[in-house]
Amino acid sequence: MEFTAQQIADFLHGTIDGDPNVKVGNFSKIEEGYSGTLTFLANPKYEHYIYDTQASVVLVNNDFVPASPVRATLVRVPNAYTALAMLMNMVEQSKVKKKGIDSTASIASSAIIGDDCYIGTMTYIGEGTTIGRNCMIFPHAYVGNYVKIGDNSIIYPNVTIYDDCIIGQNCIIHAGVVIGSDGFGFAPEGEAYKKIPQIGNVILEDDVEVGANTTIDRAVMGSTIIHQGVKLDNLIQVAHNVEIGEHTVMAAQVGLAGSTKVGKNCSFGGQVGIAGHLHIADKVQLGAQSGVMRDITDAGNKLLGSPANPAKDQMKSNAVFVKLPEIYKSLYQLQKEVEELKKKINK
């Protein structure tokens, strides 16, 4: 399927610099662009590629001023990255969706399956479970008893959803995700530990996306809650009774210990670790590998390091840290000089 630059600009409510009739039928990276493709420029550090790219159309921000002539047709929009996402979503939605129930799927007689669903090979759906309309459940997924999945949600292969969990509308659960496994709850009993039954569930609200092999534990009591619009990357651990606020995003290998409450619109880099029973305010940003062991009460804080400190302070500390061998050497020399002076004074 091909589109002209003018059709793309009309769809995005953008403007054109160049040939409005040039056609594109695919996407490409700006540094690997070739004729007939569309690319984008959002990060200034990639600007030098725009002058040599062979892509036919480039999405750019309205305020972009080229330093040299650009061969490609430019489509100017308020935010090139957001515009690219809109185009990719349009292409994705235009693809033919799978429908129908595979003959090898095991579906309990009491389960309710909505219209226009796809249930793949060897999928299991338990007693009393409800699947909404237009859902896609790919092969080898396990959906336990009394689970609820909202309309238009996608469950990719080998996902496991334990009993009683609730998945909202328009959710995307990637391959290997486990939702509703037991939280890490054990009570000391002498020199051993006795398991505490985890009788709660997990709730994912609408528009949540969960990356491959992420695990979200069920609550001891009540619910582990992932609120609307949250985006979780691959290999994240969310412990029991955690609550993640709306539109928060987390990169790979983040770990959240039990009963921690994370605010809205937060952003966590890769391998961030959060201790249990903490409260993280709205719009907090945590740099990669930050370790948080206390509440963060001020909204909008930017923290870095382990233990996490204000990002600017931590960067200053890091700058000093790399100089420690030199500082130690100077200090050792000063100590020797002071000792020598003391000896002379004492004489």
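Structure first, text after, so check above.
Bear in mind that the values here come from a model prediction, so they are computed numbers and not experimental data.

With reference to specific residues and values, describe the pattern of salt bridges.
For the coordinates displayed, the defined rule picks out three salt bridges. Note that Lys99 is salt-bridged to Asp116, the shortest N-O span being 3.9 Å. Here Asp116 lies in the loop between β10 (112-113) and β11 (118-119) and Lys99 lies in the loop between α3 (80-94) and β8 (100-101), a separation of 17 residues in the sequence. We classify Lys99 as exposed; its relative accessible area is 54%. Notably, a salt bridge pairs Lys195 with Asp182, separated by 2.9 Å at the nearest N-O pair. Taken together, the positions of Lys195 in strand β23 (residues 192-195) and Asp182 in the loop between β21 (178-181) and β22 (186-189) put the pair 13 residues apart, joining distant regions of the chain.

Give a detailed account of the environment of Pro197, specifying residues and quantitative values.
Position of Pro197 among the secondary structure elements: in the loop between β23 and β24 (201-204). In the structure, Pro197 is positioned 23 residues away from Val220 in sequence and 6.9 Å away in space, judged by C-alpha atoms.

So what about the packing of aromatic side chains? Which residues, and what values?
Considering all chains together, one arrives at seven aromatic pairs under this definition. Each ring, one from Phe138 and one from Tyr156, has its centre 5.0 Å from the other, and the planes form 20°; the classification is stacked. Of this pair, Phe138 sits in the loop between β14 (136-137) and β15 (142-143) while Tyr156 sits in the loop between β17 (154-155) and β18 (160-161); the two residues are 18 residues apart in sequence, bridging distant segments of the chain. Classification of Phe138 by relative accessible area gives buried; the value is 15%. Pairing Tyr328 with Tyr332 gives two aromatic rings, centres 6.5 Å apart and planes at 20°, and the pair type is stacked. With a gap of four residues between them, Tyr328 and Tyr332 both fall in helix α5 (residues 324-346), about one helical turn apart. With relative accessibility at 45%, the residue Tyr332 sits in the partly exposed group. Every member of this aromatic cluster is reached through a ring pair, and the members are Tyr118, Phe138 and Tyr156.

Tell me about a nonpolar patch on the surface, residues and numbers included.
On the surface, a cluster of nonpolar side chains totalling about 480 Å² of accessible area is made up of Val320, Phe321, Val322, Leu324 and Ile327. Sorting the residues of the nonpolar patch by element identifies α4 (311-321) and α5 as the ones contributing at least two each. Locating Phe321 in the fold gives a position in helix α4.

Lay out the pairing of β21 in plain terms, naming residues and giving numbers.
The side chains of a regular strand alternate, first on one face of the sheet and then on the other. Bridge analysis of β18 against β21 gives two bridges, and the strand direction is parallel. Each bridged residue has a counterpart across the sheet, and for Thr160 the counterpart in β21 is Val178. Pairing of β21 with strand β26 (residues 215-217), which is carried by three bridges, proceeds in the parallel orientation. Residue pairing across strands places Val178 opposite Thr215, the latter belonging to β26.

Cut-offs and rules
Residues numbered from 1 in each chain as written. Predicted model: local features only at pLDDT ≥ 70, side-chain atom pairs only at ≥ 80, totals over all residues. Heavy atoms only, no water. Salt bridge = Lys/Arg side-chain N within 4 Å of Asp/Glu carboxyl O. Helix = DSSP H or I, 4+ residues; strand = E, 2+ residues; numbered from the N terminus. Buried < 20%, exposed > 50% of the residue type's maximum accessible area, 1.4 Å probe, protein only. Phe/Tyr/Trp six-rings, centres within 6.5 Å; stacked < 30°, edge-to-face > 60°. Patch = residues over 30% accessible without salt bridge, like charges linked within 9 Å, V, L, I, M, F, W, Y side chains within 5 Å. Areas by Shrake-Rupley, 256 points an atom, 1.4 Å probe, with all protein chains shown as cover. Pairing = 2+ DSSP bridges.

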